[in-house]
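One letter stands for each residue in the lines below.
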Amino acid sequence: QVQLVESGGGLVQAGGSLRLSCAASGSICSINAMGWYRQAPGKQRELVAAITSGGSINYADSVKGRFTISRDNAKNTVYLQINSLKPEDTAVYYCNAVVVTAPLGRGSDYWGQGTQVTVSS
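The present account deals with the structure reproduced in this document. Treat the numbers as computed from the prediction; the structure is a model and nothing was measured. (Residues numbered from 1 in each chain as written. Predicted model: local features only at pLDDT ≥ 70, side-chain atom pairs only at ≥ 80, totals over all residues. Heavy atoms only, no water.)

**Points about the packing of aromatic side chains**
Keep this limit in mind: Pairing of aromatic rings covers Phe, Tyr and Trp, the last through its six-membered ring, and needs centres within 6.5 Å; plane angles under 30 degrees mean stacked, over 60 mean edge-to-face, and all others mean tilted. For helices the rule is a DSSP run of H or I covering at least 4 residues; for strands it is a run of E covering at least 2, with both sets numbered from the N terminus onward. Counting as a charge over the ring demands two things of the Lys NZ or Arg CZ atom: a distance within 6 Å of the ring centre and an angle within 35 degrees of the ring normal.
Across all of its chains, the model carries one aromatic pair by this definition. Here the aromatic rings of Tyr37 and Trp111 are separated by 5.0 Å at their centres, their planes lie at 65°, and the arrangement is edge-to-face. In this pair, Tyr37 sits in strand S4 (residues 30–39) while Trp111 sits in strand S10 (residues 107–111), placing the two residues 74 residues apart along the sequence. The ring of Tyr79 carries Arg19 above its face, with NZ or CZ at 4.1 Å from the centroid. In this structure, Arg45 is placed above the aromatic ring of Trp111, and the distance from its NZ or CZ to the ring centre is 4.8 Å.

So this is what it looks like as structure tokens:
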């Protein structure tokens, strides 16, 4: 079994910053992509940023230039640095990882429990 544990959410004023962390643990052979998604009330979950094991990165257009994703492969941890926060960034942020749990196995999606980010105007 694989667990993803997120931390770093909270309440912040517009223009502020937060750093989210997500650590994966359990029966891990390797981790392919890791990423962050968010879901605002009444909206669908959307991709915020993703990073492959080789370091290729993809951002949603709405966060480019303000959010930075990074990962520490030795720690099985992914980070999301969020700057210049806007009220519309308010959402529950979920960590996602594509984890291979057996040698030569296929990767499967795992999700964290979510961390609330609230931005006040």
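**Topic: the nonpolar core**
Keep this limit in mind: In these notes, a set of buried Ala, Val, Leu, Ile, Met, Phe, Trp, Tyr and Cys residues joined through side-chain atoms within 4.5 Å is what counts as a nonpolar core. Using a 1.4 Å probe on the protein chains alone, a residue whose accessible area is under 20% of its type maximum counts as buried, one over 50% counts as exposed, and one in between counts as partly exposed.
Counting residues in each nonpolar core, the largest one holds 30 residues, and the members touching the most others are Leu4, Trp36, Val48, Val78, Leu80 and Tyr93. Of all the secondary structure elements, the ones that give two or more residues to this core are strand S1 (2–7), strand S3 (18–26), S4, strand S5 (46–51), strand S7 (67–72), strand S8 (77–82), strand S9 (91–100) and strand S11 (115–120). The dominant element in this core, judged by the number of residues it contributes, is S9, at five residues.

**Topic: the environment of Asn96**
Rules: We define a polar contact as two N or O atoms separated by no more than 3.5 Å, with the added condition that, inside protein, one atom must be a possible hydrogen donor and the other a possible acceptor, whereas residues neighbouring each other in sequence contribute only through side-chain atom pairs.
Its location among the elements puts Asn96 in strand S9. A polar contact of 3.3 Å, which involves the side chain of Asn96, links it to the backbone oxygen of Tyr110.

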